[in-house]
Each structure stands twice: as structure tokens, then as C-alpha cells.
Amino acid sequence: MDYSMRIVQRQCAKYLEMFAQCMHEFPHTWQTDCEAMRAKLARCAENNPEIMYIKTTCRPEFQVYERCMESNQVDPEKCIDFYEKFTTCADKALQAIQGTQDSSIQDDSNSSS
């Protein structure tokens, strides 16, 4: 599992589990039957600054993936390539954040020496 999903899982485990269960119970109509659960999961994830950065940085990739999912509700496997492009973007965005944080930590430790 990629890092961005681990962030969501760590912070929003309860909502992620509820959404997954709903999708399992309604495999053909989850887009409508699970909308309330999806919205709760989205609200939870949006409270995380790293997730907010990913949403901004990777918006185009996510929009393509989201459109694919809407167009292929019965066969979401068709969207795997778009999902992988989005998660690759998300991982790169997180690496950039971590690189910035690591640099500022090193700068702080160098200035205190």
C-alpha cells in the first residue's frame, strides 16, 4: 500500500472501513448507496495537511481517475492505470514535502550548532 493511502488509513480508519464495507454490500450501486460514507471519508482525509497538498498537486490526475470511475461504475478495474498515475503523483508530492521538512530540520540543527 502506498504512503498516501497509509495516511488516510491511519487518520480515518473507521470511515475507510465503513466505506469499504458499504462498497462490498452494494457492489453494483456503491456510487449512490455509499455516497454518505464516501463524503465522511473525504471530510476526514481533508483535515490532513499532507492529503490537502496531494489534492492540490495531483488534482488533474485525480480528476481523470474520478471521471473514469464514474464512467465505469460496473467495471472499476478499467481505471487501474489512472489510479496508479494518481498514486504515483501522490507519492512524489509526499516525497517533496518530506524533503522540505528534512531540509528545514537539518537547517534548524545546523543553526543551533
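The coordinates are above.
Given the structure is predicted, the values throughout are model-derived calculations rather than measurements. (Residues numbered from 1 in each chain as written. Predicted model: local features only at pLDDT ≥ 70, side-chain atom pairs only at ≥ 80, totals over all residues. Heavy atoms only, no water.)

Can you help me understand the overall build of the protein chain in this one?
Broken down by element type, the protein chain carries 6 helices and 0 strands. In sequence order, the secondary structure elements of the protein chain are arranged as α-α-α-α-α-α. Of all 113 residues assigned to the protein chain, the portion counted as buried reaches 27%. Sequence-distant contacts, at least 24 apart, represent 64% of the contacts inside the protein chain between residues at least 6 apart. For the protein chain, the exposed surface amounts to about 7800 Å²; the carbon and sulfur share of it is 54%. (Helix = DSSP H or I, 4+ residues; strand = E, 2+ residues; numbered from the N terminus. Buried < 20%, exposed > 50% of the residue type's maximum accessible area, 1.4 Å probe, protein only. Contact = heavy atoms within 4.5 Å. Areas by Shrake-Rupley, 256 points an atom, 1.4 Å probe, with all protein chains shown as cover.)

Where do I start with the nonpolar core in this structure?
Across soluble globular proteins, you tend to see nonpolar side chains buried next to one another. The biggest cluster of nonpolar side chains holds 23 residues, and the ones touching the most others in it are V8, I51, I54 and C58. Secondary structure elements with two or more residues in this core: α1 (3–25), α3 (35–46), α4 (49–57), α5 (59–71) and α6 (80–111). With 6 residues, α6 is the single largest residue contributor to this core. Residues contacting C58, with those up to four places away along its chain left out, are F86, C89, A90 and A93. (Core = buried A, V, L, I, M, F, W, Y, C linked by side-chain atoms within 4.5 Å.)

So what exactly am I meant to see when it comes to the environment of F82 here?
On the secondary structure map, F82 appears in helix α6. In sequence terms F82 and E66 are 16 residues apart; their C-alpha atoms lie 8.7 Å from each other. Not counting chain neighbours up to four residues away, the residues in contact with F82 comprise V64, Y65 and C68.

Would you take a moment to explain the packing of aromatic side chains for this structure?
Geometrically, a pair of aromatic rings is defined through the distance of the ring centres and the angle of the planes. Using the criterion set out here, one finds 4 aromatic pairs in the structure. Summarising the aromatic geometry, the rings of F19 and W30 are spaced 6.2 Å apart at their centres and angled 75° between planes, so their arrangement reads as edge-to-face. In this pair, F19 sits in helix α1 while W30 sits in helix α2 (residues 30–33), placing the two residues 11 residues apart along the sequence. With respect to burial, F19 and W30 carry one shared label: buried. Pairwise contacts between aromatic rings join F62, Y65, Y83 and F86 into one cluster. (Phe/Tyr/Trp six-rings, centres within 6.5 Å; stacked < 30°, edge-to-face > 60°.)

Is there a simple way to think about the layout of surface pockets in this case?
Any empty space left between the atoms is revealed when a probe the size of a water molecule rolls over them. If you add up the space inside the largest pocket, you get close to 1300 Å³. Looking at the lining of the largest pocket, the elements that each hand over two or more residues are α1, α2, α3, α4, α5 and α6. No other element matches the 7 residues that α5 contributes to the lining of the largest pocket. Of the residues assigned to the lining of the largest pocket, the class counts are 21 nonpolar, 5 polar and 9 charged. (1 Å grid on protein atoms, 1.4 Å probe; cavity = no way out; pocket = protein on both sides within 12 Å on 5 of 7 lines; lining within 4 Å. Points joined across faces, edges and corners; volume = space filled by probe spheres on them. Nonpolar A, V, L, I, M, F, W, Y, C, P; charged D, E, K, R; others polar.)

Where do I start with the packing of α4 against α5 in this structure?
The packing of two helices is summarised by the inter-axis angle and the distance between the axes. Across the interface, α4 lies against α5 with an axial gap of 5 Å and an inter-helix angle of 80°. Classed by the angle they form, the pair α4 and α5 counts as roughly perpendicular. Note on element contacts: α5 touches α4 through R59, P60 and E61, opposite I54, K55, T56 and T57. Of the residues assigned to the contact of α4 with α5, the class counts are 2 nonpolar, 2 polar and 3 charged. (Axes fitted to C-alpha atoms, helices over the stretch in contact; angles between N-to-C directions. Parallel < 35°, antiparallel > 145°, perpendicular 65-115°, else oblique.)

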